[in-house]
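Structural characterization, general
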Amino acid sequence: MPQSDKIYLSLDSDGGSCSRNIYNSTTTPAVGGNGNNGVGNSNGSLLDSVKKVIEHAIVGEKHENELLLSGQRMDQGVRIIGSRSQSQLDNISKRDTGVSSASVRNQSSTVTNNLIRMPSAPSHTAEETRLLGAMPGDPMDDIELRSVQLHNPVARTGSLTSITDLRRIQTDKGDLLVAVQGDTTKPAILTYHDLGLNYATSFAGFFNYPSMRGLLENFCVYHVNAPGQEENASTFPEDFTYPTLDELAAQLLFVLSHFGLKSVIGFGIGAGANILTRFALQQPDKVDALCLINCSSTAAGWIEWGYQLMNARNLRSKGMTQGVLDYLMWHHFGRNPEERNLDLVQVYKSYFERSINPVNLAMFIDAYIKRTDLNIARTPSGSPTNSGVTLKMPVLNVTGALSPHIDDTVTFNGRLEPTKTNWMKISDCGLVMEEQPGKLAEAFRLFLQGEGYAVGALNRVGAKFGRSASQEILG
């Protein structure tokens with residue numbers, strides 16, 4: 001085949017284009033030939049061209065495989081080219097085009113720069129930029145710790161004592177300390193605490209919960225302390241006769257008379273719930289509704305009586321011992337409270353050790369284990385409405401799924417009117433007010449709304465229009 005005398009040199013800028021190299025090599029005559037168009041040289045040129053085609057096909061396939069492999073690595077992350085890869089690129093480029101090693105390095109660096117893309121700073125929307133400000137490339141570049149300020153934590157009890165008005169009320173069985181929280185012109189909620197606690201340690205966390213603070217803007221809360229259970233209380237003498245639970249319930253009538261209250265909403269826990277229930281049975285027209293937590297309606301069993309009797313003796317003789325402390329923790333939280341909230345357990349242990357007079361607590365425990373049965377029963381089906389002696393007002397009966405008093409609340413619920421009683425067991429807690437305050441606050445709010453206490457209203461609309469009419473007003 002006749003060949004042209006001209007010599008073509010192909011400088012391919014794209015080192016990875018296999019097809020163009022093959023084309024140029026097959027159309028470029030052999031350098032250094034004699035320039036004649038003889039037949040003898042045509043066979044040699046044809047053989048050389050076939051060799052070059054095979055060589056470039058093999059080298060091109062290898063080069064394409066390397067590029068595909070590098071592309072797969074780019075999909076997974078940043079591709080790093082080492083010294084070995086650089087030398088391979090130099091050798092391949094030299095064989096293909098004959099270009100100098102410096103040009104090959106420039107071309108390979110161009111390919112590498114095109115393949116490697118370093119991660120950039122995270123992009124933000126307009127709203128995120130407005131909230132967070134202009135973010136640097138590395139968010140940690142401009143952050144500097146300049147100072148550390150230490151603040152003592154605010155005591156839980158102090159948050160409630162600072163906003164209450166303490167009143168000392170004379171009764172026929174001694175003085176009572178009552179803490180008033182809120183506007184006295186609004187509907188009244190009367191609280192009573194459990195064993196080992198007082199009004200501040202029992203209700204501070206719950207009534208300072210955000211949902212309860214908003215709800216209590218429409219109510220006034222009267223926190224009643226059992227005799228001698230307030231913080232820094234003086235020790236009762238040995239011959240002092242502590243009131244029974246029925247006498248403690250009768251003392252509440254003095255509280256209502258002192259503040260001029262016609263009726264109240266009862267909110268009690270444990271021993272306080274039992275006292276409020278007795279007051280509701282004594283004065284049913286003085287109680288509009290009851291929210292009772294872990295309330296027992298029966299007399300103390302033999303096991304409870306034995307444990308509590310031992311605790312009372314230890315408190316009188318030795319003070320707050322480890323055995324008494326463990327029993328109080330079980331009484332309030334149930335089993336293994338450290339596994340749920342260790343910080344809360346430590347707070348309550350400090351309450352029991354520091355906030356309560358042990359001798360006075362022993363007297364309160366004695367009164368609780370000597371409690372009598374409430375002697376209430378649900379009205380049998382088919383009997384007249386007033387034939388059974390039970391609570392006539394609505395009752396929200398609450399307990400925790402991990403509380404040791406679940407059976408007591410079930411028994412109590414079976415002795416109440418089903419049309420006026422709501423039994424609720426809140427999951428994942430033993431002490432409901434501390435471990436699940438949000439759920440209890442929501443249940444208490446709905447309970448009050450169902451009884452006609454509208455949020456934002458100061459009067460009980462249900463007493464005038466009835467429950468159905470009040471639900472229409474609330475809707």
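Scroll up to find the structure this text is about.
The present account deals with the structure reproduced in this document. (Residues numbered from 1 in each chain as written. Predicted model: local features only at pLDDT ≥ 70, side-chain atom pairs only at ≥ 80, totals over all residues. Heavy atoms only, no water.)

With 91 residues, the main nonpolar core has Phe-267, Leu-290, Tyr-348, Leu-440 and Phe-444 as its most contacted residues. A per-element tally of this core places helix 14 (residues 358-369) first, with 9 residues. Ignoring sequence-local partners within four residues, the contact set of Leu-440 consists of Phe-206, Phe-267, Ile-293, Val-398, Ile-426, Val-432 and Met-433. (Core = buried A, V, L, I, M, F, W, Y, C linked by side-chain atoms within 4.5 Å. Buried < 20%, exposed > 50% of the residue type's maximum accessible area, 1.4 Å probe, protein only. Helix = DSSP H or I, 4+ residues; strand = E, 2+ residues; numbered from the N terminus. Contact = heavy atoms within 4.5 Å.)

Tallying each qualifying case throughout the model produces 18 aromatic pairs. Geometrically, the ring pair formed by Phe-267 and Phe-444 is edge-to-face, given 5.2 Å between the ring centres and 75° between the ring planes. Remark: Phe-444 occurs in helix 17 (residues 437-450) and Phe-267 occurs in strand 5 (residues 264-269); sequence separation between them is 177 residues. Given a relative accessible area of 0%, Phe-267 falls into the buried group. The exposure class of Phe-444 is buried, given its relative accessible area of 0%. An aromatic cluster is built from Phe-203, Phe-206, Phe-207, Phe-267 and Phe-444, whose rings are joined through pairwise contacts. (Phe/Tyr/Trp six-rings, centres within 6.5 Å; stacked < 30°, edge-to-face > 60°.)

Looking now at the side chain of His-332. Looking at the secondary structure, you find His-332 in helix 12 (residues 322-333). If we skip the residues at most four places from it in the chain, His-332 touches Asp-194, Leu-195, Leu-197, Phe-352, Gly-430 and Leu-431.

A few words now on the packing of helix 9 (residues 245-259) against helix 10 (residues 271-282). Interhelical geometry of helix 9 versus helix 10 gives an angle of 70° and a closest axis separation of 8 Å. Classed by the angle they form, the pair helix 9 and helix 10 counts as roughly perpendicular. Relative to helix 10, helix 9 is oriented so that their crossing is right-handed. Across the interface between the two elements, Leu-245, Asp-246, Leu-248, Ala-249, Ala-250, Leu-252, Leu-253 and Leu-256 from helix 9 touch Asn-274, Ile-275, Leu-276, Arg-278, Phe-279 and Gln-282 from helix 10. For the contact of helix 9 with helix 10, the per-class residue count stands at 10 nonpolar, 2 polar and 2 charged. (Axes fitted to C-alpha atoms, helices over the stretch in contact; angles between N-to-C directions. Parallel < 35°, antiparallel > 145°, perpendicular 65-115°, else oblique. Left-handed = near helix turned anticlockwise from the far one by under 90°. Nonpolar A, V, L, I, M, F, W, Y, C, P; charged D, E, K, R; others polar.)

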